[in-house]
2 protein chains.
Amino acid sequence: MISWLPSILALALQPSVPATPPRPAAATPGSVVAAAPASAWADVPADRLLVMDLADGRRVTIALSPDFAAAHVANIVALARAHWWDGTSINRVQDNYVTQWGDATEAKPLPPGIVAPSRNYDRPAAGLAFRALPYRDSYAAAVGHVGGWAVARSRDRAWLPHCYGMVGVGRNLAPDTGTGAELYVAIGHAPRQLDRNIAVVGRVLSGMETLAALPRGTGDLGFYTDPAQRTGIATVRLASELPPGKRPAWQIMKTDAPAFTAWIRVRANRMDDFYERPAAALDICNSLPPVRARPAG
Amino acid sequence: MISWLPSILALALQPSVPATPPRPAAATPGSVVAAAPASAWADVPADRLLVMDLADGRRVTIALSPDFAAAHVANIVALARAHWWDGTSINRVQDNYVTQWGDATEAKPLPPGIVAPSRNYDRPAAGLAFRALPYRDSYAAAVGHVGGWAVARSRDRAWLPHCYGMVGVGRNLAPDTGTGAELYVAIGHAPRQLDRNIAVVGRVLSGMETLAALPRGTGDLGFYTDPAQRTGIATVRLASELPPGKRPAWQIMKTDAPAFTAWIRVRANRMDDFYERPAAALDICNSLPPVRARPAG
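Residues numbered from 1 in each chain as written. Chains lettered and ligands numbered in written order. Predicted model: local features only at pLDDT ≥ 70, side-chain atom pairs only at ≥ 80, totals over all residues. Heavy atoms only, no water.

Peer 1: Kindly report on the sheet that holds strand S16 (residues 291-293) of chain B, identifying the contributing residues and their values.
Peer 2: Residue and element names in this part refer to chain B. Read from one edge to the other, the open sheet built from three strands follows the order S1-S15-S16, with strand pairing classed as antiparallel. A strand with exactly one partner marks an edge of an open sheet, and here the two such strands are strand S1 (41-43) and S16. Across the sheet, the axes of successive neighbouring strands diverge by a mean angle of 35°, strand direction being ignored. The pairing of S1 with strand S15 (residues 250-253) spans three bridges and is antiparallel. Bridging from a neighbouring strand, Ala42 pairs with Ile252 of S15. (Pairing = 2+ DSSP bridges. Helix = DSSP H or I, 4+ residues; strand = E, 2+ residues; numbered from the N terminus. Axes fitted to C-alpha atoms, helices over the stretch in contact; angles between N-to-C directions.)

Next comes the structure, spelled out in structure tokens:
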């Protein structure tokens, strides 16, 4: 425990050491992400990455979560492969709630084999490498992270919480009416009351600045009253369907990587110059794992 | 405890009672609000109601909270009376964070007497008629409601939490640099890490569908890179300055009214047909008190 001595001695020998060295800049969430090694990132599989190109040229990418909503994710993959969403539209934008897209006529036939799973809102917690976030949650017994996803859980069950940017399966009143053809994304404060009442199937990785800034609909539930207000969807593809040179490639930080642990610690205890009183806390929806476009090369 | 007997007897005498009467429709948050008596609503004082008219004709109204940020609210009232914001603009929109407005040049002189209070982020909890929300909060020891406002608290201090729609005072790094001339509103998941690091001065009552749907800025922190991207602010007035026939009038539900207690219960335990599993919980940012335009007459 005297390993600091040589450093002190070395310091004493310096000709002119400032009396008070400048305090090193505190780590920020951004600096932790920038410093994370390549090994801290996992590629989103190209056959689990939805690429939605809007008619106005803007793009949205969505990572699907087969570990949490396998039956719905299988439907969504089949719908994308059938190019079912091409020519559909964004039909509903309700402020501080959701942006929703699909077939506005509700009459477009589904491809063969697409059946609405009943419920599918959660899964057994057993078998998940759950890393608990050490802070209270208002809604769930515990919250934390599993394999790049933010997760809420009870003793026995686990589910993806309705955070900003999470994608869920629209349904009617009956629990077996959501196929995955009608999807929505949360665009405001997390509507956690929907947890375990709807299947959450993924997360928007890019394009939230588009989906969250669309004009709000003025009809009931934020539906557009005039079809001209809808934003057209040109195509929805799996990244794996696109030519290799044109595939977007995204990475999510591994939630069992040391960099993620550091990022959580810094997010919960902001010490950069702006903050006078670190929160010493973090809620699950403020801790969705960092994402980035896969670096070239 | 036999007071039900006459009813049962009366029922038995009915000629044709359906075997299974239809279940009465469950209360929804909306039905509780619609049924709330006039006595459950409090007028927002016209001299604490900011009316911001944008250059494109859209309007935003903001209730100020003198009980929580008196010194900043006094500045904001003085700035509105001086018509200081007329001709300024919305300069920053950062996705899932804030929309911010003020003088883009940062050079416009302030009216005499406007001095930045130091800190002013919270206040003593003593003396507040705090009604606790009976659910956990990720960030504060307790959360609840006081006089129409959602409030977070420690043992000794209380503050307005950074929820969607709450308005705060922009500042630079030093804690005594925010006058109230530069304001922002939270437009995404609640950035509660800002609590007690910034003075929160009010809440947007109408117009969030405008402020939250503006194009995101592409510069650092979401600032617009081209002045043409800014949304102009035509005027900001206190409602009390407007001619009586042109004053908007807003009401906030009284948080000590029975209707509010019922609304919280229904929000936390959704029993309407869509919900299969009521959350039995509610977070503070999903419990901002209902507001409405004051009914005519």
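Read on for the rest.
Peer 1: Give me the relation of the copies chain A and chain B: which residues, what numbers.
Peer 2: The transform that puts chain A on chain B rotates by 180° and translates by 0.0 Å along the axis, for an RMSD of 0.0 Å. Accordingly, the operation relating the two chain copies is best matched by a two-fold axis. A share of 100% of interface residues in chain A that are also interface residues in chain B marks the association as one of identical surfaces. (Least-squares fit on C-alpha atoms with pLDDT ≥ 70 in both. Contact = heavy atoms within 4.5 Å.)

Peer 1: I'd like to hear about the environment of Ile198 of chain A, residue by residue, with values.
Peer 2: With respect to the helices and strands, the residue Ile198 of chain A is situated in the loop between strand S12 (183-186) and strand S13 (200-206). For Ile198 of chain A, a relative accessible area of 6% gives the class buried. For the pair Ile198 of chain A and Asn120 of chain A, spaced 78 residues apart in sequence, the C-alpha to C-alpha distance is 7.8 Å. Aside from chain neighbours lying at most four places away, what touches Ile198 of chain A is Tyr121, His162, Gly168, Val169, Arg171 and Tyr184 of chain A together with Phe274 of chain B. (Buried < 20%, exposed > 50% of the residue type's maximum accessible area, 1.4 Å probe, protein only.)

Peer 1: Which residues make up the interface of chain A and chain B, and what values do they have?
Peer 2: Contact with chain A, which involves 44 residues of that partner, is made by 44 residues of chain B. The tally of links between chain A and chain B comes to two salt bridges. We note a salt bridge from Glu276 of chain B to Arg119 of chain A, for which the minimum N-O separation is 2.5 Å. At the boundary of chain A and chain B, one finds 29 residue pairs in polar contact (both at pLDDT 80 or more). Broken down by class, the residue content of the side of chain A that touches chain B amounts to 22 nonpolar, eight polar and 14 charged. (Salt bridge = Lys/Arg side-chain N within 4 Å of Asp/Glu carboxyl O. Polar contact = N/O pair within 3.5 Å; in protein donor to acceptor, adjacent residues only side chain to side chain. Nonpolar A, V, L, I, M, F, W, Y, C, P; charged D, E, K, R; others polar.)

Peer 1: Break down the sheet that holds strand S10 (residues 157-159) of chain B for me, with residues and values.
Peer 2: Residues and elements named next belong to chain B. Spatial strand order, S6-S10-S9-S8-S7: five strands in an open sheet with antiparallel pairing. Unpaired on one side and paired on the other, strand S6 (123-124) and strand S7 (131-132) mark the two borders of the sheet. As paired elements, S7 and strand S8 (residues 142-146) share two bridges and run antiparallel to each other. Residue pairing for S8: Arg131 is matched across the bridge by His145.

Peer 1: Describe the side chain of Thr231 of chain B, with residues and values.
Peer 2: Within the secondary structure, Thr231 of chain B is located in strand S14 (residues 231-238). In contact with Thr231 of chain B, other than residues within four places in its own chain, are Leu54, Asp56, Ser89, Ile90 and Leu214 of chain B.

Peer 1: I'd like to hear about the pattern of salt bridges, residue by residue, with values.
Peer 2: Enumeration over the complete set of coordinates arrives at 26 salt bridges over all chains. With a shortest N-O distance of 2.8 Å, Asp122 of chain A and Arg196 of chain A are connected by a salt bridge. Of this pair, Asp122 of chain A sits in the loop between strand S5 (98-102) and strand S6 (123-124) while Arg196 of chain A sits in the loop between S12 and S13, placing them 74 residues apart in sequence. This pair shows no difference in class: Asp122 of chain A is buried, exactly as Arg196 of chain A is. Between Arg216 of chain B and Asp95 of chain B there is a salt bridge, and its shortest N-O distance comes to 2.8 Å. Pair noted here: Arg216 of chain B is in the loop between helix H4 (208-211) and S14 and Asp95 of chain B is in the loop between strand S4 (89-94) and strand S5 (98-102), with a separation of 121 residues, a long-range link. Classification of Asp95 of chain B as partly exposed rests on a relative accessible area of 22%.

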